[in-house]
Amino acid sequence: MTLALAFGLVLLISVSLSGLAARTVLSTALLFLVAGALIGQGGFGLVDIPSNGAFVTGLADLALFTVLFTDGQRASLPSLKEGWRLSGRALGLAMPLTMVGIAVPTHYLTGLDWTTSFLIGAILSPTDPVFASAIVGRTDVPLRLRRLLNVESGLNDGLALPFVLIFLATVANRDTDFGGIAIELVAGLALGVAIPAAIALAWRLKVLTAEPRLQALGPLAVAVILYATCHLTHANPYLAAFAAGATLATMDRVSAEHFEHFGDLLSETTKFAALLVFGALITPERLSHLSIGDWAVAVIAIVLVRPAAMMLSLIRTPLPARERSVAAWFGPKGFASVVYGLLALQAGIPAGEHVFDLVAITIALSIVLHSSTDVPVAKALRIEPPDNLPTGQPEKLPQKESS
């Protein structure tokens, strides 16, 4: 109940300050991270959450699934086709470069072996632009930029998983089941398309007519069914979530539109809850043993590796230089890396604690840097703040004074 009370209080404060946060460097994500650190064992010790507990893993997993399902509904098949050249470069070139670019300094600066270093590179290769909502979630931001970041983050979570599992099995000296990993990925993608497609087709029957006020619950029911099915069949839930959102947006745009506002609120709620718990895990005791090399890896991964990899992948593309720079910078580390870091911690590998701690400080630093720079970057792109966005209503022309 202490954790629930803390979540409610921080949520109330964040909502009350959200208008200010949308115009300044104040970040609601950062508020939850800091609040978690304060109530955890590294702060006032109000809650004690074991990092290897099922609660932490389950919450992070649910938050990531919810965010990906909601993001997927902004990526219908027509929009994926239009932006595939840019997204394909980000996934096929920038992501592998990021993985290698993080693994090399990790090996030389932390003293970890090559396999463990590549495990960390794989864990930190996915991106999560929910911490840059002023860029991705704004309709006045150039569509190609939003689509690039959204599709990249939606797909790279699932694409990173096989590499995480392969390196994790190698470090733990277990036989790697490549066939099983492939089946998980294909099954997740197949379920993510088949289940919402079948339901969307059924909704076209005249007998199945939802009451307008309940239409937003239709996609939610699809998400719950898909989440449970993936875990029962061991299919990849992250590829399934994004694929399901995109399938619904393609086949039933009306339902997707009804769900959009509710889905955004739902994903924000789960995201903030996971951030609060994640912040509680970051204690001084956990960070005190980290070396200067460990901290250097976190900085290099965010400030050098991701921007360089993305800039290289976008060479000779029609994306303007300014938008290319924004895409290069906004590659924040988020829930996928949290979930994969927890997998490494719970796998019992020799350097499991070190891996998780290194991942944790990189994610925390990423949240601080990216969620506090999205608004300034948006302003640099000459984007109006939310309260000045166009309303869609025709402006009234000033009346001439009668002479």
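Residues numbered from 1 in each chain as written. Predicted model: local features only at pLDDT ≥ 70, side-chain atom pairs only at ≥ 80, totals over all residues. Heavy atoms only, no water.

Participant: Explanation requested: helix 10 (residues 178–202) in the structure shown.
Facilitator: Between the first and last C-alpha of helix 10 there are 36 Å, a value that for 25 residues agrees with the 36 Å anticipated at 1.5 Å per step. Those residues of helix 10 that fall on the buried side of the exposure criterion are Ile 181, Leu 185, Gly 188, Gly 192, Ile 195, Pro 196, Ala 197 and Ala 200. Turning to helix 10, the residues buried within the fold contact helix 9 (143–171), helix 11 (217–233) and helix 12 (237–251). (Helix = DSSP H or I, 4+ residues; strand = E, 2+ residues; numbered from the N terminus. Expected span 1.5 Å × (residues − 1). Buried < 20%, exposed > 50% of the residue type's maximum accessible area, 1.4 Å probe, protein only. Contact = heavy atoms within 4.5 Å.)

Participant: Looking at this model, I keep getting lost on helix 6 (residues 84–110). Mind explaining?
Facilitator: One turn of the α-helix equals 3.6 residues, which is why residues spaced by three or four share an orientation. Taking 1.5 Å per residue as the helical rise, helix 6 with its 27 residues ought to reach 39 Å, and the 37 Å between its terminal C-alpha atoms agrees with that figure. Among the residues trailing helix 6, Gly 111 stands out with phi positive, at a value near 80°.

Participant: Honestly, the nonpolar core in this entry has me stumped. Any pointers?
Facilitator: When a protein is soluble and globular, its nonpolar side chains tend to lie buried together. Within the largest apolar cluster, 81 residues are counted, with the highest numbers of intra-cluster contacts made by Ile 49, Leu 119, Ile 123, Tyr 340 and Val 355. Among the elements that make up this core, the one with the highest residue count is helix 13 (residues 253–281) (10 residues). When near neighbours in sequence (up to four residues on either side) are disregarded, Ile 49 contacts Leu 3, Phe 55, Val 56, Val 277, Ala 280 and Leu 281. Counting residues in each nonpolar core, the second largest holds 15 residues, with Met 310, Leu 314, Ala 328 and Phe 330 among its members. (Core = buried A, V, L, I, M, F, W, Y, C linked by side-chain atoms within 4.5 Å.)

Participant: Looking at this structure, how should I read the side chain of Glu 323?
Facilitator: Structurally, Glu 323 can be placed in helix 16 (residues 321–329). Assessed through its relative accessible area of 7%, Glu 323 is described here as buried. Side chain to side chain, Glu 323 and Arg 144 meet in a polar contact 2.8 Å long. Leave out the neighbours within four places in its chain, and Glu 323 touches Pro 142, Arg 144 and Leu 145. (Polar contact = N/O pair within 3.5 Å; in protein donor to acceptor, adjacent residues only side chain to side chain.)

Participant: Just to check I follow, could you spell out the packing of aromatic side chains for this structure?
Facilitator: Here a ring pair, both rings aromatic, is described through the centre-centre distance and the interplanar angle of the planes. Within this structure, the stated rule accounts for 9 aromatic pairs. Relative to Trp 114, the ring of Tyr 108 has its centre 5.6 Å away and its plane inclined at 85°; by these criteria the two rings are edge-to-face. The exposed category is assigned to Tyr 108, whose relative accessible area is 60%. Site record: aromatic cluster; members linked through ring pairs are Tyr 108, Trp 114, Phe 118 and Phe 167. (Phe/Tyr/Trp six-rings, centres within 6.5 Å; stacked < 30°, edge-to-face > 60°.)

Participant: Looking at this structure, how should I read the confidence of the model for the protein chain?
Facilitator: In low-pLDDT segments, the atomic positions of the prediction should not be examined closely. Within the protein chain, residue pLDDT values average 81, and 85% of them lie at 70 or more. At the low end of the mean pLDDT range in the protein chain sits helix 8 (residues 133–136), at 60; at the high end sits helix 7 (residues 114–123), at 95. (pLDDT = per-residue confidence, 0-100.)

Participant: Any chance you could explain the packing of helix 9 against helix 16 here in plain terms?
Facilitator: Two elements in contact, helix 9 and helix 16, have axes whose closest approach is 10 Å; the angle formed by their N-to-C orientations is 25°. Classified by the angle between their axes, helix 9 and helix 16 sit roughly parallel to one another. Along this stretch, helix 9 crosses helix 16, giving a crossing that reads as right-handed. For the pair helix 9 and helix 16, contact is made by Arg 144, Leu 145, Leu 148 and Leu 149 and by Glu 323, Val 326 and Ala 327, respectively. (Axes fitted to C-alpha atoms, helices over the stretch in contact; angles between N-to-C directions. Parallel < 35°, antiparallel > 145°, perpendicular 65-115°, else oblique. Left-handed = near helix turned anticlockwise from the far one by under 90°.)

Participant: Before we go on, may I ask you to explain the pattern of salt bridges in this structure?
Facilitator: Pairing between side chains becomes possible if they bear opposite charge and their charged atoms approach one another. For the structure on display, the rule yields 4 salt bridges. Close ionic contact of Arg 144 with Glu 323 constitutes a salt bridge, the shortest N to O distance being 2.8 Å. Taken together, the residues span a long stretch of sequence, with Arg 144 in helix 9 and Glu 323 in helix 16 at a distance of 179 residues. The partner of Arg 253 in a salt bridge is Glu 257, with the nearest N and O atoms 3.6 Å apart. A residue pair is termed a helical-turn pair when its members lie 3 or 4 positions apart in one helix, as Arg 253 and Glu 257 do in helix 13 at 4 residues. A residue is classified by how much of its surface remains accessible, and Glu 257, at 47% relative accessible area, is partly exposed. (Salt bridge = Lys/Arg side-chain N within 4 Å of Asp/Glu carboxyl O.)

Participant: Please clarify how a nonpolar patch on the surface should be interpreted in this entry.
Facilitator: A cluster of nonpolar side chains, Val 100, Val 104, Tyr 108, Leu 109 and Trp 114, forms an exposed patch at the surface whose accessible area comes to about 460 Å². Assignment of secondary structure puts Val 100 in helix 6. Classification of Val 100 as partly exposed rests on a relative accessible area of 40%. (Patch = residues over 30% accessible without salt bridge, like charges linked within 9 Å, V, L, I, M, F, W, Y side chains within 5 Å. Areas by Shrake-Rupley, 256 points an atom, 1.4 Å probe, with all protein chains shown as cover.)

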